[in-house]
Amino acid sequence: MSALQVQDLKRHFGGVRALDGVSFELAAGECVALIGPNGAGKSTCFACLAGQQQPQSGQVTWAGHALLDLPPAARLQRGVARTFQVAQTFEALTVLQNLQLVRCAGQLSWWDRLDQRGPQAAQALLESMDLQALRHALVADLPYGAKKRLELAMALAGWPDMQDAPRLLLLDEPAAGLAPEERSVMMALVRQVADSGATVLYTEHNMDAVFGVADRVLVLMQGRLVADGSPEAVAQDPQVRELYLGR
Ligand code: ADP
Ligand code: MG
């Protein structure tokens, strides 16, 4: 059975059909890229899945729960975490404080309680994102690449602690604006999260970050899915070739 089922999602802004009947499924542990030109509806799709926006119609089921009636925090408690196209971090706080804030928002008790796992888990997360040396730095002072890694760390910090809890990670352009080496680092981290058992859906414009990383690719254009298949199959799609490969 699919972990995520999206059925006939529609989200209109006046006459603009940002999502015009989008349906797809993700298997548990799959790493899937959602690609498409600017304005295709990718960010709107994420907002509907994570709860920042409500679609006019459609259904979303994650790990057996109907999601659309739940506010974002309740979705996070069911394992649905996301990042934003424009990093949503708190500039006046430190890296560590940003992570603590996510824990508070999720009403989770991992960090500053007396339980022994707290500091270790925090340290492991900071280390895996290469943020350990920057943990007391103000976010306003971070290089852009570190800020993008912090956003990813914040999404992971918000997940429930239970080892076998279902985990869905939605990443809106995680590598946008990064230099090529930083982009490779980021995409390796994304792949690592998927390999650890989480289900991952991410948007990306850079084709190296799509074809080297994703198990499957969904192509969205003008609010409709026009292709769904392996990276190799989708790369042969005429619309995709025209859009991304210039031929
Ligand atoms: P993408 O992330 O693929 O670039 P978006 O989901 O941001 O696309 O946007 C899809 C379409 O919906 C675009 O035409 C965009 O202008 C429109 N749109 C998105 N958000 C809003 C909004 N809050 N109000 C009006 N139109 C919007
Ligand atoms: Mg977008």
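This text goes with the structure placed above it.
As the structure is a prediction and not an experimental result, all values here were calculated from the model.

Participant: Before we go on, may I ask you to explain the pairing of strand β1 (residues 4–13) in this structure?
Facilitator: Remember that side chains alternate between the two faces of the sheet whenever the strand is regular. One ladder, built from eight bridges, connects β1 with strand β2 (residues 16–26); its direction is antiparallel. Its bridge partner being in β2, K10 is matched across the sheet by D20. Counting the residues between successive antiparallel strands, the hairpin from β1 to β2 contains two residues, one of them, G14, with a positive phi of roughly 55 degrees. Sheet analysis places β1 next to strand β4 (residues 57–62), joined by five bridges and oriented antiparallel. Looking at β4, one finds that V6 is bridged to V60.

Participant: Looking at this structure, how should I read helix α1 (residues 42–50)?
Facilitator: Working note: α-helix, 3.6 residues per turn, so residues spaced by three or four point in the same direction. Among the nine residues of α1, nine are classified as buried, and the element is accordingly described as predominantly covered. Within the span of α1, buried status applies to K42, S43, T44, C45, F46, A47, C48, L49 and A50.

Participant: Looking at this structure, how should I read the sheet that holds β2?
Facilitator: Paired through backbone hydrogen bonds, the strands of a sheet run either parallel or antiparallel to each other. Read from one edge of the open sheet, four strands run β2-β1-β4-β5, paired in antiparallel fashion. Where the open sheet ends on each side, the last strands, each with one partner, are β2 and β5 (65–66). Strands in contact with α1 are β1, β2 and β4; relative to β2, the strand with the most contacts, it is inclined by about 60 degrees.

What counts as what
Residues numbered from 1 in each chain as written. Chains lettered and ligands numbered in written order. Predicted model: local features only at pLDDT ≥ 70, side-chain atom pairs only at ≥ 80, totals over all residues. Pairing = 2+ DSSP bridges. Helix = DSSP H or I, 4+ residues; strand = E, 2+ residues; numbered from the N terminus. Buried ≥ 20, exposed ≤ 12 C-beta atoms within 10 Å, placed from the backbone. Contact = placed C-beta atoms within 7 Å. Axes fitted to C-alpha atoms, helices over the stretch in contact; angles between N-to-C directions.

These values are about where atoms sit, not about what they do.
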